[in-house]
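Structural description and commentary
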Amino acid sequence: MNSLPPVDVLKSPVAADLAGKIAVVTGSTSGIGLGIAAALAKAGASVMINGLGDAGAVEETRRQLAETHRVEVFYDDSNLMDPVGVADLMNNAVDVFGRVDILVNNAGIQHVAPIEEFPVDRWDAIIALNLSAAFHATRAVFGAMKANGYGRVINIASAHGLVASPFKSAYVAAKHGLIGFTKTIALEGAEFGVTANAICPGYVWTPLVEKQIDEQAIAHGIPRDQVVRDVLLASQPNKRFATVEEIGGLAAFLASGLGASITGSALPVDGGWTAH
Ligand code: NAD
């Protein structure tokens, strides 16, 4: 006969609760990063947003996030292409909040071209931002997270961290590397209450995707609507873009106490793409 679960289980939370936690989300002035910043703020975390963009528009985003969710939200405009910029962001976050509990390495760029024509400066930029910046940011706070006995590193990889597509050599290499780095963080943090996971979105409708529709149209020699149907969503079995809310919800869950045993994983949010 089954016995009743203990009382604590009956009272355990079902939603992510991040009240009192401090988060840094790189590249959060638009797209997925902004969706994640909003989800963490909604769950109660104070957030340092970062990214490029028009100063007035970013300030309006910051103000709305803070007022809507009644948490502290600050903005740091560091360019993360350069390790010095990453150090500036992380130092600023620690100066403002005293510590960082949740680090979301999200800032990323894309370039689409055949290997023999791939611009060397685009390769270097994609590796610097999509991979190396995650290392520099994690390195800056990892020791303190371990000392505090709590930390969450959430790396926004991609379905392209698990499988490849043509014409995306640098991006695929960086995202596969990011998943490898995630596993190493997980192993080094496991005994200290620090988890690390990679979220691997399929196509999400954001400015990054909007831009690459044109690039893909040139690379494949086909019109934009055909790129959406036959290239972007060709591999995504549910035939729709994932949403930034879906990615944000998963990040908030991973950051919460409920995510404490999930570490070292690469979680697809891709409508079944990588089930192929
Ligand atoms: P986006 O272009 O909407 O947002 C990118 C963010 O990074 C912006 O806030 C931008 O200002 C910031 N950024 C760009 N260069 C920067 C720099 N040098 N320093 C600091 N910040 C910088 O893109 P997105 O689609 O939201 O992508 C976010 C992440 O999600 C990326 O890592 C991307 O690879 C990943 N991703 C996106 C998709 C998708 O379909 N959109 C799918 C899988 C993975």
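What you see as residue numbers is a count from 1 along each chain, following the sequence as written. The predicted nature of this model means local features are confined to residues of pLDDT at least 70 and side-chain atom pairs, given and counted, to a pLDDT of 80 or more, with totals for whole chains, interfaces and linings taken over all residues. In computing side-chain properties, one takes all heavy atoms of the structure into account and sets aside hydrogens as well as water.

**Describing the site of the ligand**
The condition that has to hold: The rule for a residue being near a molecule or strand is that one of its heavy atoms must lie within 4 Å of it. Distance and chemistry together define a polar contact, namely a pair of N or O atoms within 3.5 Å, with one atom able to donate a hydrogen and the other to accept it when in protein, and with adjacent residues in sequence counting only for side-chain atoms on both sides. Using the Shrake-Rupley algorithm and a 1.4 Å probe, accessible areas are obtained, with residue cover drawn only from the displayed protein chains. Numbering goes from the N terminus for both helices and strands, where a helix is a DSSP run of H or I of at least four residues and a strand is a run of E of at least two. Think of it as three bins: nonpolar holds Ala, Val, Leu, Ile, Met, Phe, Trp, Tyr, Cys and Pro, charged holds Asp, Glu, Lys and Arg, and polar takes everything else, Gly as well. In this entry, domain limits derive from an automatic or database-based domain assignment.
Among the 30 residues in the neighbourhood of the ligand, the closest are listed as Thr29, Asn106, Tyr171, Val204 and Thr206. In this structure, an oxygen atom belonging to the ligand sits 2.7 Å away from a side-chain N or O atom of Thr29. The side chain of Thr206 places a nitrogen or oxygen atom 2.4 Å from an oxygen atom of the ligand. For the ligand, the protein covers 93% of the area, taking 830 Å² as the surface of the free molecule. The set of elements that each furnish at least two residues to the shell around the ligand consists of α2 (31-42), α6 (169-189) and α7 (207-220). With three residues, the single largest contributor to the shell around the ligand is α7. Taken together, the residues of the shell around the ligand sort by class into 15 nonpolar, 14 polar and one charged. Looking at which domains feed residues into the shell around the ligand, each of domain 1 (18-203 + 243-275) and domain 2 (205-241) gives three or more.

**As for unusual backbone geometry**
Heads up, the rule is: Under the scheme applied here, a residue whose accessible area is under 20% of the maximum for its type counts as buried, over 50% as exposed, and between as partly exposed, the area being computed with a 1.4 Å probe on protein chains only.
With a phi angle near 55°, Arg70 is a residue other than glycine that sits in the positive phi range. For Arg70, the position within the fold is in the loop between α3 (55-69) and β3 (73-76). Of note, the phi angle at Phe167 is positive, near 75°, even though the residue is not glycine. Looking at where Phe167 falls in the secondary structure, it is placed in the loop between β5 (151-156) and α6. Residue Phe167 is classed as partly exposed on the basis of its relative accessible area, which comes to 25%.

**Focus: the domain arrangement of the protein chain**
Quick reminder of the rule: Pairs of residues are marked as contacts when any of their non-hydrogen atoms sit within 4.5 Å. By buried area we mean how much accessible surface two parts lose on assembly, using a 1.4 Å probe and totalling the loss over both. When a carboxyl oxygen of Asp or Glu lies within 4 Å of a side-chain nitrogen of Lys or Arg, that pair is called a salt bridge.
Here the protein chain is partitioned into domain 1 (18-203 + 243-275) and domain 2 (205-241). The centre of domain 1, based on its C-alpha atoms, is set 24 Å off from the matching centre of domain 2. Counting from both sides, the interface comprises 19 residues of domain 1 and, opposite them, 19 residues of domain 2. Between domain 1 and domain 2, roughly 1,400 Å² of surface is buried when both sides are summed, and carbon and sulfur atoms account for 59% of that area. By the criterion of area lost to domain 2, the three top residues of domain 1 are Val112, Tyr203 and Gly271, representing 43% of everything that side buries. Taken together, the links from domain 1 to domain 2 amount to one salt bridge. A salt bridge links Arg240 to Glu246; the nearest nitrogen and oxygen atoms lie 2.9 Å apart. Applying the counting criterion to the domain 1 and domain 2 interface returns five residue pairs in polar contact (both at pLDDT 80 or more).

**Some details on the packing of aromatic side chains**
Selection criterion: What counts as a ring pair is set by centres within 6.5 Å for rings of Phe, Tyr and Trp (its six-membered ring), and what kind of pair is set by the plane angle: stacked under 30 degrees, edge-to-face over 60, tilted for all other angles. Either the NZ atom of lysine or the CZ atom of arginine qualifies as a charge over a ring when it sits within 6 Å of the ring centre and within 35 degrees of the ring normal.
Applying the stated rule across the entire model yields four aromatic pairs. Aromatic pair Phe74 and Phe97: ring centres 5.5 Å apart, planes at 80°, arrangement edge-to-face. One end of the pair, Phe74, is in strand β3; the other, Phe97, is in helix α4 (residues 83-97), and 23 residues separate them in sequence. The exposure class assigned to Phe97 is buried, which follows from its relative accessible area of 13%. Between Trp205 and Phe241, the ring centres sit 4.9 Å apart and the planes meet at 75°, which makes this aromatic pair edge-to-face. One end of the pair, Trp205, is in the loop between β6 (194-201) and α7; the other, Phe241, is in the loop between α8 (224-232) and α9 (244-255), and 36 residues separate them in sequence. Of the residues examined, Phe241 reaches a relative accessible area of 17% and is grouped as buried. Directly above the ring of Tyr150 sits Lys21, whose terminal nitrogen or CZ lies 4.4 Å from the centroid. It is Lys146 that lies over the ring of Phe192; its NZ or CZ is 5.0 Å from the centre.

**So, α7**
Filter applied, for reference: Helix span, as expected, comes to 1.5 Å for every residue beyond the first. Bend, at a single residue, is the angle you get between axes fitted to the 7 residues ending at that residue and the 7 residues starting at it.
Given a rise of 1.5 Å per residue, 14 residues ought to cover 20 Å, and the 20 Å separating the end C-alpha atoms of α7 matches this to within 8%. The largest bend along α7 reaches roughly 25° and is located at Ile213. For α7, the complete set of buried residues consists of Val209, Gln212, Ile213, Glu215, Gln216 and Ala217. Immediately downstream of α7, the backbone of Gly221 shows phi near 70°, a positive value.

**Let's talk about the sheet that holds strand β2 (residues 46-50)**
The test is simple: Two strands pair under a simple rule: DSSP has to find at least two bridges between them. A fitted line through C-alpha atoms represents every axis, and for helices the fit uses only the stretch in contact; the resulting angles, taken between N-to-C directions, go from 0 to 180 degrees.
Ordered by their spatial adjacency, seven strands build an open sheet running β3-β2-β1-β4-β5-β6-β7, and the pairing between neighbours is parallel. With one partner strand each, in any of the chains shown, β3 and β7 (266-269) form the two edges of the open sheet. Averaged over all neighbouring strand pairs, the angle between strand axes comes to 20°, with direction disregarded. Direction of pairing for strand β1 (residues 22-25) relative to β2: parallel, over a ladder of four bridges. Bridge assignment links Val25 to a residue of β2, and that residue is Ile49. Along the sheet, α2 makes contact with β1, β2, β4 (102-105), β5 and β6, crossing β1 at roughly 170°.

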